[in-house]
Amino acid sequence: MTDCGDTGRTALIVIDMLNTYEHEDAEVLVLSVREALAGIGALLERARRARAPVVYVNDNFGRWRSHHGEILEAALAGRYCDLVEPIAPDEDALFVVKARHSVFYETPLAYLLGQLGVQRVVLCGQVTEQCVLYSALDAHIRHLDVVVALDAVAHIDAGLAEAALGMMERNMAAELRPSGEITFTGAPSN
């Protein structure tokens, strides 16, 4: 793994956390999300303090006319607003809408990260065995260093999540770390 402290910035990628939880497997997922919230909150605080880019990449739930404000409003108005409110985007957060599992698939995220000088991404959010896994693969094939925050990802199936984490570490050279051990490099010095 490359030490990116001097060669590039680190960005926090928050995956699919603006959610109404109105889908199959939501009840199981909610339990895991509750466990991941503290880790996600800690990462957000640390990244914001370091002035590192924070990018929310979120499903649009098939609403092609929606924008990030509408997605956030729907999630905050939902049954599980308590899972969204503590980790809601601030005014400095960046936002990318996605339609498939990977945060990179047919989105401008790779271009955005390149423009920001990002070489290392920290992934948190949901679902470990789906969107986090596919996003880690796509980040790896784009030659980005990948870190997955172990206590800041949520799953539906614990066994599949464990296998996905193993694949990310072995096949994608991802670092798997607790959120408390993850540091951020923020704004480049001029």
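Below: a short report on this structure. On a predicted model such as this, the values are computed, not experimentally measured, just so you know. (Residues numbered from 1 in each chain as written. Predicted model: local features only at pLDDT ≥ 70, side-chain atom pairs only at ≥ 80, totals over all residues. Heavy atoms only, no water.)

**Focus: the packing of aromatic side chains**
No. 1: As enumerated under the stated definition, the model contains one aromatic pair in all.
No. 2: Note on Y21 and Y80: the rings are 5.8 Å apart at their centroids and 80 degrees apart in plane angle, and the pair reads as edge-to-face. On the criterion of sequence distance, the pair formed by Y21 in the loop between β1 (9-15) and α1 (26-49) and Y80 in the loop between α2 (68-77) and β3 (94-98) is long-range, its members being 59 residues apart.
No. 3: Overall, the relative accessible area of 8% leaves Y80 in the buried class. (Phe/Tyr/Trp six-rings, centres within 6.5 Å; stacked < 30°, edge-to-face > 60°. Helix = DSSP H or I, 4+ residues; strand = E, 2+ residues; numbered from the N terminus. Buried < 20%, exposed > 50% of the residue type's maximum accessible area, 1.4 Å probe, protein only.)

**Things to note about the nonpolar core**
No. 1: Counting residues in hydrophobic clusters, the biggest one holds 36 residues, and the most contacted among them are L12, Y21 and L43.
No. 2: Those elements giving two or more residues to this core turn out to be β1, α1, β2 (54-59), α2, β4 (118-126) and β5 (145-154).
No. 3: Take this core: its biggest share by element is ten residues, from α1.
No. 4: When neighbours within four sequence positions are excluded, L12 is seen to be in contact with L43, L44, A47, P53, V54, V55, V122, C124 and F184.
No. 5: The next biggest cluster of nonpolar side chains, apart from the first, holds 27 residues, and it includes I13, C131, V132 and M172. (Core = buried A, V, L, I, M, F, W, Y, C linked by side-chain atoms within 4.5 Å. Contact = heavy atoms within 4.5 Å.)

**Re the pairing of β5**
No. 1: Counting buried positions along β5 gives eight out of ten residues, so the element sits mostly inside the fold.
No. 2: Two elements, β4 and β5, share six bridges in a ladder whose sense is parallel. Looking at the pairing, R120 lines up with D145 of β5.
No. 3: You can see the chain leave β4, run along helix α4 (residues 128-141) and come back into β5, and the turn it takes is right-handed.
No. 4: Sheet analysis places β5 next to strand β6 (residues 175-177), joined by three bridges and oriented parallel. Directly across from V148, in β6, lies its bridge partner L176.
No. 5: After leaving β5, the chain enters helix α5 (residues 158-171) and then returns to the sheet as β6, a path that is right-handed. (Pairing = 2+ DSSP bridges. Right-handed = clockwise from strand over helix to strand, strands pointing away.)

**Quick look at α5**
No. 1: Helix length check: α5 (14 residues) gives 19 Å between terminal C-alpha atoms against 20 Å at 1.5 Å per residue, within 8%.
No. 2: In this structure, the buried side of α5 is in contact with α4, β5 and β6.
No. 3: Where α5 starts, the residue carrying a side-chain oxygen 3.0 Å from the main-chain nitrogen of G159 turns out to be D157.
No. 4: After α5 finishes, the residue A173 shows a positive phi value of roughly 55 degrees. (Expected span 1.5 Å × (residues − 1). Polar contact = N/O pair within 3.5 Å; in protein donor to acceptor, adjacent residues only side chain to side chain.)

**Notes on the packing of α4 against α5**
No. 1: Packing of α4 against α5 leaves a shortest axis separation of 9 Å and a crossing angle of 10 degrees. By the criterion of interaxial angle, the relationship of α4 to α5 is roughly parallel. Note on element contacts: α5 touches α4 through L160, A161, A164, L165, M167, M168 and N171, opposite T128, E129, V132, L133, A136 and H140. (Axes fitted to C-alpha atoms, helices over the stretch in contact; angles between N-to-C directions. Parallel < 35°, antiparallel > 145°, perpendicular 65-115°, else oblique.)

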